[in-house]
Amino acid sequence: MRRAARMIGTSTIACALLASLCSVGALAALTVTWTTAADFEGGTLYGLDASSSPGQLRLASVAPSPWVKHALNPILGPGSGWEADWVDSPSVLYEGGVYKMWYQGCVGVRCDIGYATSPDGLNWTRSPSNPVLLANASGWDQTLGNPTVVHDGTGYHMWYAGNGPLAIQIGYATSPDGLVWTKVGNGPNFMGHQSWDSGATSTPFVLKVGTTFVLYFSGHPGNFAYSIGRATSSDGVTWTEDLANPLMYAQGGWEESRIHPTWVASAGSGFEMYYTGGYNEPQVGRATSVDGWNWTRDAANPVLALGAPGTWDQTGVAVAKVVTVGSATRLYYGGESSPENWRIGVADYSPGTSSPRYRATGYFLSQVVDSGFRNTTWDSIDWSGSFSGVTGIAVSVRAGNTPVPDPSWSNGPVLSAPGSSLVQLSGRFAQVGAALVTQNDSVTPVLDQITVTYSTPATGSQSILGFGILGWILLAIVVPLAVGLILVLLLVARRGPAWAPPPPQGFLPCLACGAANPTYNRFCTDCGRPIGGPPR
């Protein structure tokens, strides 16, 4: 009985342990966390810094901009009548002690070209002859913009963007004095004929190199993804587009899908360009080139960024033109505080006087996490960090069954506030991503940690009342076996002696050889003969 009791106890304990093991396995949660500099740097970082403050991911710092926005900005706002809504796109020359500006002025959907002068480049007087170049309400150039003016020995030359019923194209006009203008030809002066610029050509900037006019412009094939190209002309009328076009593509980030050249000039042994990048929040970048074809972007881009929240240029800065007078260099540009609310401002070239700043955007993509099981459930994602009213963080996770993310993967929700969120994505592999943004380049958001919780089939990713399917299968097998074993042991304990062999009853000598044999032997163990006569 004692032995049976011990066996019953042992079996009971074993069953309990097995059940416990199954239930614990079913409830176990697995996690993967990114929180150190090594974690973040193990993935892909663009525009972000994980090393300056280990354990924190923040926007990368960039060199301070050499341009300092003037305290008097905006220096030219809307006027009346034809320019009552906004003014934009300045083109400035300095001649004979006078600053001369040609600019776009708009009311409603129509824009014309106006003219203003200034003795100091800050205080401007509009021409009473404005607008000096009119749009054609029934022509190809029903609204005008982006003027660029060249003054040479033959007079003033203006190239401009004309927007009509078909597309944006480039027009040309001449003037003896910069005030009275005559359009050349009845149609566009330049339009794209290559596949990359057949949809539109815009934002012309022309410089004269020797006796050759060189045109830099933007174009797109019909998808509004603007790139930069180049063309040349001996007379400013007939142009030959470079076969190497386009010279620059938009690179995403702050440039989004659009870049437009707005000023190009000889600089030392090469060329310097200022361009507008982006559409939703346009900003100004800079690039340099040795030959005018191959361009390298400035590492500090955008060199002219959005203004601080609440300022006149908080949502856009664009169409920059540079003017040097003596030792002073200025950059004239358009800025807006809300859509279609453009004004004209100026920034002074003053390197070394600006505060350090951060990139406007950056993103992190982790390495792909392999759970080892095809039917893994990625249960939740949690992140922690800090941001202010002008900065933001967004975190998400995606999962799938291919080791490299492809369209078959599923995307989880985007979390723009710290905390945990259910995801419930299925797949063997997963990857997290985070985007950091700021509208004020003097501050950055900070991301401290991302944690993803998941469960695999081996740990009960599919649960029923808290137990995994595997746990229930094991219990279904183990419990009946355990119950059967207990019942057998109980029967054994009750019958006891009937199972034991009979005790010895003494020995009998073999009559043939004399060997001693147990009394229950029928044959001698030595000679094999019958013991005590015939079988009983």
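For clarity, every value in this text was computed on a predicted model and none was experimentally measured. Note on numbering: residues in each chain are counted from 1, in written sequence order. For a predicted model such as this one, the threshold for reporting local features is a pLDDT of at least 70, and the threshold for listing and counting side-chain atom pairs is 80 or more; totals across whole chains, interfaces and linings nevertheless cover every residue. For side-chain calculations, the full set of non-hydrogen atoms in the structure is used, while hydrogens and water are omitted.

1. With respect to the overall build of the protein chain
Test applied: Helix and strand definitions here come from DSSP, where helices need a minimum of 4 consecutive H or I residues and strands a minimum of 2 consecutive E residues; each element is numbered from the N-terminal end. Three exposure classes are used, based on accessible area relative to the maximum for each residue type with a 1.4 Å probe and protein chains only: buried under 20%, partly exposed in between, and exposed over 50%. By the convention used here, residues are in contact when the closest approach between their heavy atoms is within 4.5 Å. Note on areas: these come from Shrake-Rupley sampling with a 1.4 Å probe, and a residue is covered only by the protein chains present in the view.
For the protein chain, the count of helices and strands is three helices and 38 strands. Put simply, the protein chain has 536 residues, and 46% of those count as buried. Sequence-distant contacts in the protein chain: of pairs separated by 6 or more residues, those separated by 24 or more amount to 55%. Approximately 25400 Å² of the protein chain is accessible, and the part contributed by carbon and sulfur atoms is 58%.

2. Describing unusual backbone geometry
Geometrically, the link from Asn130 to Pro131 is a cis peptide bond, its omega value of -10° lying close to zero. Topologically, Pro131 is positioned in the loop between β10 (125–126) and β11 (143–152). Going from Asn301 to Pro302, the amide bond is cis rather than trans, its omega being -5°. Unusually for a residue other than glycine, Ser89 sits at a positive phi of about 55°. Along the chain, the position of Ser89 falls in strand β7 (residues 86–95). On the basis of relative accessible area, Ser89 is assigned to the buried category, the value being 2%. If you check the backbone angles, Phe224 has positive phi at about 65° while not being a glycine.

3. Regarding the state of the cysteines
Test applied: Pairs of cysteine sulfur atoms within 2.5 Å are what we label disulfides.
Applying the stated criterion to the full structure yields one disulfide. With its sulfur 2.0 Å from that of its partner, Cys106 forms a disulfide with Cys111. With the S-S bond torsion at 110°, the cross-link from Cys106 to Cys111 turns out right-handed. For Cys106, a relative accessible area of 0% corresponds to the buried category.

4. Structural notes on the environment of Asn130
Within the element layout of this structure, Asn130 appears in the loop between β10 and β11. With 48 residues separating them in the primary sequence, Asn130 and Trp82 have C-alpha atoms 8.6 Å apart. Other than its neighbours up to four places away in sequence, Asn130 contacts Trp82, Tyr103, Gly114 and Tyr115.

5. Thoughts on the confidence of the model for the protein chain
Cut-off, in case you're wondering: pLDDT: the predictor's confidence for each residue, scored from 0 to 100.
Predicted confidence across the protein chain gives a mean pLDDT of 86, with 80% of residues reaching 70 or more. Here residues 460–475 is a poorly scored stretch, pLDDT under 50, and it has 26 contacts once near neighbours within four places are set aside; other chains count. Confidence drops under a pLDDT of 50 for residues 485–505, and excluding neighbours within four residues, the segment shows 11 contacts in the predicted structure.

6. So, the pairing of strand β9 (residues 110–118)
The test is simple: At least two DSSP bridges between two strands are needed for those strands to be called paired.
The buried count for β9 comes to seven of nine residues, which makes it a mostly enclosed element. Linking two consecutive strands that pair antiparallel, namely strand β8 (residues 98–107) and β9, is a turn of two residues; a positive phi of about 65° is found at Gly108 within it. Here two bridges tie β9 to β10, and the two strands are oriented antiparallel to one another. Among the inter-strand pairings, Ala116 is bridged to a residue of β10, identified as Arg126. Linking β9 back to β10 in an antiparallel pair, the connection comprises six residues, with Gly121 at a positive phi of about 80°.

7. A short note on the sheet that holds strand β17 (residues 227–233)
Taken together, the four strands give an open sheet; going across it, the order is β15-β16-β17-β18, and neighbouring strands pair in antiparallel fashion. Here the strands that pair on one side only, and so sit at the sheet edges, are β15 (200–209) and β18 (240–241). Pairing geometry for β17 and β18, over two bridges, is antiparallel. Residue pairing across strands places Thr232 opposite Thr240, the latter belonging to β18.

8. Quick look at the packing of aromatic side chains
As a reminder, the rule being used: Stacked, edge-to-face and tilted are the three classes for Phe, Tyr and Trp ring pairs, Trp counted by its six-membered ring, which pair at centre distances within 6.5 Å; planes under 30 degrees apart are stacked, over 60 edge-to-face, the rest tilted. For a Lys NZ or an Arg CZ to count as sitting over a ring, it must be within 6 Å of the ring centre and within 35 degrees of the ring normal.
Throughout the structure, instances matching the rule amount to 23 aromatic pairs. For the pair Phe40 and Phe364, a centre-to-centre distance of 5.3 Å together with 90° between the ring planes defines the contact as edge-to-face. Here Phe364 lies in strand β27 (residues 361–365) and Phe40 lies in helix α2 (residues 37–41), a separation of 324 residues in the sequence. No difference in accessibility class separates Phe40 from Phe364, as the two residues are buried. Chaining the aromatic ring pairs together yields one cluster made of Trp67, Trp263, Tyr274 and Tyr349. When the ring centre of Tyr279 is taken as origin, the NZ or CZ atom of Arg258, which lies over that ring, is 4.2 Å away.

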